[in-house]
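Structure at a glance
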Amino acid sequence: MALTYENSGVSIDRGNLFVERIKALAGENADPNVVGGIGGFSGLYRLEGGNLLAACCDGVGTKLEIAKACGHLEFLGQDLVAMSVNDLVTCGARPILFLDYLACGHLDVDACEPVIRSIHQACKESGCVLLGGETAEMPGVYPAEGFDLAGFAAGIVNENDLVDGKSISSHDLVVGLPSSGVHSNGFSLVRKALLDGRDESFLEQVPEGFESPLWEILLRPTKLYVRPALRAASTGIVKGMAHITGGGLVENISRVLPQGLSVNIDFGSWTEGKIFSLLRDTGIPEDEMRRVFNLGIGYVFIVSPEKLETLVAALESEGETPVLIGEVL
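What comes next is a walk through the structure. (Residues numbered from 1 in each chain as written. Predicted model: local features only at pLDDT ≥ 70, side-chain atom pairs only at ≥ 80, totals over all residues. Heavy atoms only, no water.)

Structural notes on the sheet that holds strand β8 (residues 240-243)
Here five strands make up an open sheet; going across it, the order is β8-β10-β7-β11-β9 and the pairing antiparallel. The sheet terminates laterally at β8 and β9 (263-265), the two strands that pair on one side only. Between one strand and the next, the sheet's axes are offset by a mean angle of 25°, whatever the strand orientation. In the sheet, strand β7 (residues 173-178) pairs with strand β10 (residues 297-303) via six bridges, with the strands oriented antiparallel. Following the sheet pairing, Leu173 is matched in β10 by Val303. Sheet strands in contact with helix α7 (residues 226-233) are β7, β8 and β10, and its direction is about 5° off that of β10. (Pairing = 2+ DSSP bridges. Helix = DSSP H or I, 4+ residues; strand = E, 2+ residues; numbered from the N terminus. Axes fitted to C-alpha atoms, helices over the stretch in contact; angles between N-to-C directions. Contact = heavy atoms within 4.5 Å.)

Some words on a nonpolar patch on the surface
Taken together, Leu99, Tyr101, Val129, Leu131 and Phe152 make up a surface patch of nonpolar side chains, about 420 Å² in accessible area. Looking at the nonpolar patch, the elements with two or more residues in it are β4 (94-104) and β5 (129-137). With respect to the element layout, Leu99 can be found in strand β4. (Patch = residues over 30% accessible without salt bridge, like charges linked within 9 Å, V, L, I, M, F, W, Y side chains within 5 Å. Areas by Shrake-Rupley, 256 points an atom, 1.4 Å probe, with all protein chains shown as cover. Salt bridge = Lys/Arg side-chain N within 4 Å of Asp/Glu carboxyl O.)

Re the packing of helix α2 (residues 63-70) against helix α5 (residues 187-195)
Where α2 contacts α5, the axes come no closer than 8 Å and their chain directions differ by 50°. The angle between the axes of α2 and α5 places the two elements in the oblique class. Where α2 approaches α5, its residues Lys63, Glu65 and Ile66 are matched on the opposing element by Phe187, Val190, Arg191 and Leu195. For the contact of α2 with α5, the class distribution of residues is four nonpolar, no polar and three charged. (Parallel < 35°, antiparallel > 145°, perpendicular 65-115°, else oblique. Nonpolar A, V, L, I, M, F, W, Y, C, P; charged D, E, K, R; others polar.)

So, the packing of helix α3 (residues 76-88) against helix α4 (residues 109-125)
One can describe the packing of α3 onto α4 by two numbers: an axis separation of 6 Å at closest approach and a directional angle of 45°. As judged from the angle between their axes, α3 and α4 are oblique. In the crossing of α3 with α4, the sense of the turn from one axis to the other is right-handed. Packed against α3, whose contacting residues are Leu76, Gly77, Gln78, Leu80 and Val81, the element α4 presents Val115, Ser118, Ile119, Ala122 and Cys123 at the interface. (Left-handed = near helix turned anticlockwise from the far one by under 90°.)

Side note on the packing of aromatic side chains
If you walk through the whole model with that rule in mind, you get four aromatic pairs. Measuring from centroid to centroid gives 5.8 Å for Phe267 and Trp270, while their planes differ by 50°, and the two rings are tilted. Accessibility expressed as a relative area gives 10% for Trp270, which makes it buried. Clustering of aromatic rings is evident, with ring pairs tying together Tyr225, Tyr299 and Phe301. Over the face of the ring belonging to Phe41 we find Arg255, whose NZ or CZ atom lies 3.9 Å from the ring centre. Of note, Lys274 hangs over the ring of Phe210, and the distance from its end group to the ring centre comes to 5.0 Å. (Phe/Tyr/Trp six-rings, centres within 6.5 Å; stacked < 30°, edge-to-face > 60°. Buried < 20%, exposed > 50% of the residue type's maximum accessible area, 1.4 Å probe, protein only. Lys NZ or Arg CZ within 6 Å of the ring centre and 35° of its normal.)

Structural notes on the environment of Thr62
Structurally, the position occupied by Thr62 is in the loop between β3 (51-59) and α2. Separated by 245 residues in sequence, Thr62 and Lys307 place their C-alpha atoms 39 Å apart. Those residues in contact with Thr62 that lie beyond four places of it in its chain are Phe187, Ser188 and Arg191.

Thoughts on the environment of Cys104
By the secondary structure assignment, Cys104 is in strand β4. On the accessibility criterion, Cys104 (1% relative accessible area) is buried. C-alpha of Cys104 to C-alpha of Pro139: the two residues are 35 residues apart in sequence and 7.4 Å apart in space. Not counting residues within four places of it along the chain, the set of residues in contact with Cys104 comprises Ala136, Glu137, Met138, Pro139, Tyr142, Gly146 and Phe147.

A word on the pattern of salt bridges
Within the structure shown, the criterion is met by eleven salt bridges. Between Glu159 and Arg46 there is a salt bridge whose closest N-O contact spans 2.9 Å. Of this pair, Glu159 sits in the loop between β6 (147-158) and β7 while Arg46 sits in strand β2 (residues 43-46); the two residues are 113 residues apart in sequence, bridging distant segments of the chain. You can call Arg46 partly exposed: its relative accessible area is 29%. A salt bridge links Lys239 to Asp172; the shortest N-O distance between them is 2.9 Å. Of this pair, Lys239 sits in the loop between α7 and β8 while Asp172 sits in the loop between β6 and β7, and the two are 67 residues apart along the sequence. The exposure class of Asp172 is buried, given its relative accessible area of 2%. Taken together, the shared-partner salt bridges in this structure form one network comprising Glu272, Arg280, Glu286 and Arg290.

Points about the nonpolar core
Grouped together as the largest cluster of nonpolar side chains are 93 residues, with contacts concentrated most on Leu249, Ile253, Leu279, Phe293 and Phe301. Non-local contacts of Leu279, meaning those with residues more than four positions away in its chain, are made with Val182, Val190, Ala193, Leu194, Ile284, Met289 and Phe293. (Core = buried A, V, L, I, M, F, W, Y, C linked by side-chain atoms within 4.5 Å.)

Laid out in structure tokens, this is it:
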């Protein structure tokens, strides 16, 4: 049996079908102030004064299980914040607040405090505040050591500054920013590929060709893209942005493309990172690698060819190393 996300217990197709059903339900009570509808990286709601409220929510997924297995929960807060604010900023919205939800079977204060500290620090780095949240002990629903994390972000963008992809056209260019690693998607497949049949001590081993133990490589927190994304959006030249999560590059970029357009990605135009080679060597097919993982590119911008140099300069001013990875067709 092939190593796939589906065989690991997660179906991208099922998730996409569920989103389509949610869209149908949401459309039954359409509010004229809703801009864009379900399916984008964030929901948009029109406020007074020409502003739009942007909001989204996400979680860390089964990356939690690796963090629990090796006893390192301190990075999960940044993962949680990044998964939401990176989505939020794709429309040009400035994050203003974040709320967390921690559900557990038994609240271990000492273990959970570093998670909240990490959330607070990631919010500061993203220019928003940790406004509040909820901590719920749910014995019987979760085992004593079990827990889950979810996060909710909100931001503001003026409707005149909205980055919505509508002006994207054929021959526009796709520019990517490097990821910090696997980020927070595909970990059900990661766990099956690397850890199935092995005990937790395997996470302490240093894979051949690496300088860090496996747990450290896998738990590198999701990179925060808020500052470079807002800097790029402020130039007025960015036509579309995408956060590369589950579904990989093609599916996530396609979410911002007008109907009738597609994207051609040159998968040899950047250096992936050794963790993806390690995963590929376990037997995961190449098409599955491309559909599940970010493969070293965590965020992308779409611009006209004549604006490429301006975009690159803006991103480099934020300390980023942008790379041209594809073209709109």
